[in-house]
Amino acid sequence: MKLLLVCNPGGHFSTMMGLKNFWSAYPREWVTYPNFDTQKLSEKELVYWVEMQEARMLGKACMNFFKALVILRTSRPDLLLSTGASLALPFILASKFFGIKTVFIESISRSSGLSLTGKLVYNLVDEFYVQWPECVERYPKAQYRGVVA
Amino acid sequence: MIVYTLGTIFFPFERAVSWLQILLEKEIIVEPVLFQHGATSATKLRHPLLTSVASLTRHEMHEAVKQSSLIISHAGQGSTRMLAEMGACFVLVPRLKRYGEHVDDHQLLFARTVEKFGVHYCTELDQLISYVKQRPCPFQGELLNGPSLVEHLIAHYSSLEPQKQISSLKLP
């Protein structure tokens, strides 16, 4: 199983790093944009660098959607895993065109509801994980299976 | 020493910069401050006690936190969890939507959630001043101790595709 790991820098990147015991067992490639923390990633990992896209940047999301189509065609992952945030949307959307399985993990900072990205990808993804049991009540498709330590 | 960090997120956090300026000018802070300003401009802020850096590496941040008597941080989940794990003496200042400091108020909601575990946060300068004068106790215990999602994913996917799994892979 080949993975494509998609995340924004900052807390979302550190969450993905917290999942290392899972993804390190599989062949994998990354999608993120260069930042203080993610820049060093390419020393050890294969990274597709995309446009800086923070929340509510629709134009950048569109550009990254086209990049996503190209990256997914090249990378051919079996599973796309994203810890958010906004970068998840173009890549999960593009995955639908290739029939790639998608998994989204909502940020642990969302204890009482979903992020905008979470709401947007909720109906698109195959598996949707939250890190608070309370979120499952409002979003029945969401699964609570623990937190990313 | 005090570490004052705004995280490395793209949104500016001018309010926190102006608070730091007041704390230094009014001599409420009278010890060296290491200021990680991230994407927020810190050029206006000058003070003999202040060292400003855009970003620290994880290692540098750990070392700085170990040497500090107080850490004042934005309420990002990554920062908060690191500080809690290290048993640091820290206060969170959540970024708020109404000042354009983040897209929504999830940092405030997060701060309210972790408050239940003994984390301190403030939304007003007066509150921060009182925390600087009277330091909170170092964080003890665990912040967010649920079951491990990593273990679930490992079990879930190894049961789905055991034949394709590669135990360790070295990329070229």
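Quick caveat: nothing in here was measured; it's all calculated off a predicted structure.

Peer 1: Just checking my understanding: could you explain unusual backbone geometry for this structure?
Peer 2: Going from G84 of chain A to A85 of chain A, the amide bond is cis rather than trans, its omega being -5°. In this structure, R76 of chain A takes a positive phi of about 50° despite not being glycine. Along the chain, the position of R76 of chain A falls in the loop between helix 3 (58-75) and strand 4 (79-84). Judged by relative accessible area, which is 52%, R76 of chain A ranks as exposed. Although it is not a glycine, E27 of chain B adopts a positive phi angle of roughly 55°. Looking at the secondary structure, you find E27 of chain B in the loop between helix 1 (14-25) and strand 2 (33-36).

Peer 1: It is not clear to me how the environment of A25 of chain A should be interpreted in this structure. Could you clarify?
Peer 2: Within the secondary structure layout, A25 of chain A lies in the loop between helix 2 (20-23) and strand 2 (28-32). As a C-alpha pair, A25 of chain A and S107 of chain A span 82 residues in sequence and 23 Å in three-dimensional space.

Peer 1: What should I look at first to understand the interface of chain B and chain A in this one?
Peer 2: Listed by partner, the interface residues are 36 residues for chain B and 45 residues for chain A. Overall, the association of chain B and chain A removes approximately 3500 Å² of surface from exposure, summing both partners, and the carbon and sulfur fraction of that is 62%. Taken together, the links from chain B to chain A amount to 1 salt bridge. Measuring nitrogen to oxygen at the nearest pair gives 2.7 Å for the salt bridge that ties D104 of chain B to R110 of chain A. Joining chain B to chain A, the criterion identifies 11 residue pairs in polar contact (both at pLDDT 80 or more). Elements with a contribution of two residues or more to the side of chain B that touches chain A: helix 3 (77-85), helix 4 (106-115) and helix 6 (149-160) of chain B. Take the side of chain B that touches chain A: its biggest share by element is 9 residues, from helix 6 of chain B. Among the residues making up the side of chain B that touches chain A, the classes are represented as 18 nonpolar, 14 polar and 4 charged.

Peer 1: Just checking my understanding: could you explain the pattern of salt bridges for this structure?
Peer 2: Where charged atoms from two side chains of opposite charge approach closely, those side chains can pair. The tally for this structure, following the rule as stated, stands at 8 salt bridges over all chains. Between E127 of chain A and K101 of chain A there is a salt bridge whose closest N-O contact spans 3.2 Å. Of this pair, E127 of chain A sits in strand 6 (residues 127-130) while K101 of chain A sits in strand 5 (residues 101-105); the two residues are 26 residues apart in sequence, bridging distant segments of the chain. When its relative accessible area of 8% is taken as the criterion, E127 of chain A is described as buried. Judged by its relative accessible area of 27%, K101 of chain A is partly exposed. One salt bridge connects E31 of chain B with R135 of chain B, and the closest N-O pair in it is separated by 2.8 Å.

Cut-off values and rules
Per chain, the residues get numbers from 1 upward, laid out in the order the sequence is written. The order in which chains are written sets their letters, starting at A; the order in which ligands are written sets their numbers, starting at 1. It should be noted that, the model being predicted, local features are given only for residues of pLDDT at least 70 and side-chain atom pairs only at 80 or more, the latter also being counted only at that level, while totals for whole chains, interfaces and linings use all residues. Values reported for side chains reflect all heavy atoms of the structure, with hydrogen atoms and water molecules removed beforehand. Secondary structure elements are taken from DSSP: a helix is a run of H or I of four residues or more, a strand is a run of E of two residues or more, and numbering for both begins at the N terminus. Burial classes: relative accessible area under 20% of the type maximum marks a residue as buried, over 50% as exposed, and values in between as partly exposed (1.4 Å probe, protein chains only). Note on contacts: a residue pair qualifies if any of its non-hydrogen atoms lie within 4.5 Å across the two residues. Note on definitions: buried area is the accessible-area loss of two parts on being combined, 1.4 Å probe, summed for both. A pairing counts as a salt bridge when a side-chain nitrogen of Lys or Arg comes within 4 Å of a carboxyl oxygen of Asp or Glu. Within 3.5 Å is the distance limit for a polar contact, defined as a pair of N or O atoms, with the added protein rule that one can donate a hydrogen and the other accept it, and that residues adjacent in sequence qualify only through two side-chain atoms. Residues are grouped as follows: nonpolar covers Ala, Val, Leu, Ile, Met, Phe, Trp, Tyr, Cys and Pro; charged covers Asp, Glu, Lys and Arg; every other residue, Gly included, is treated as polar.

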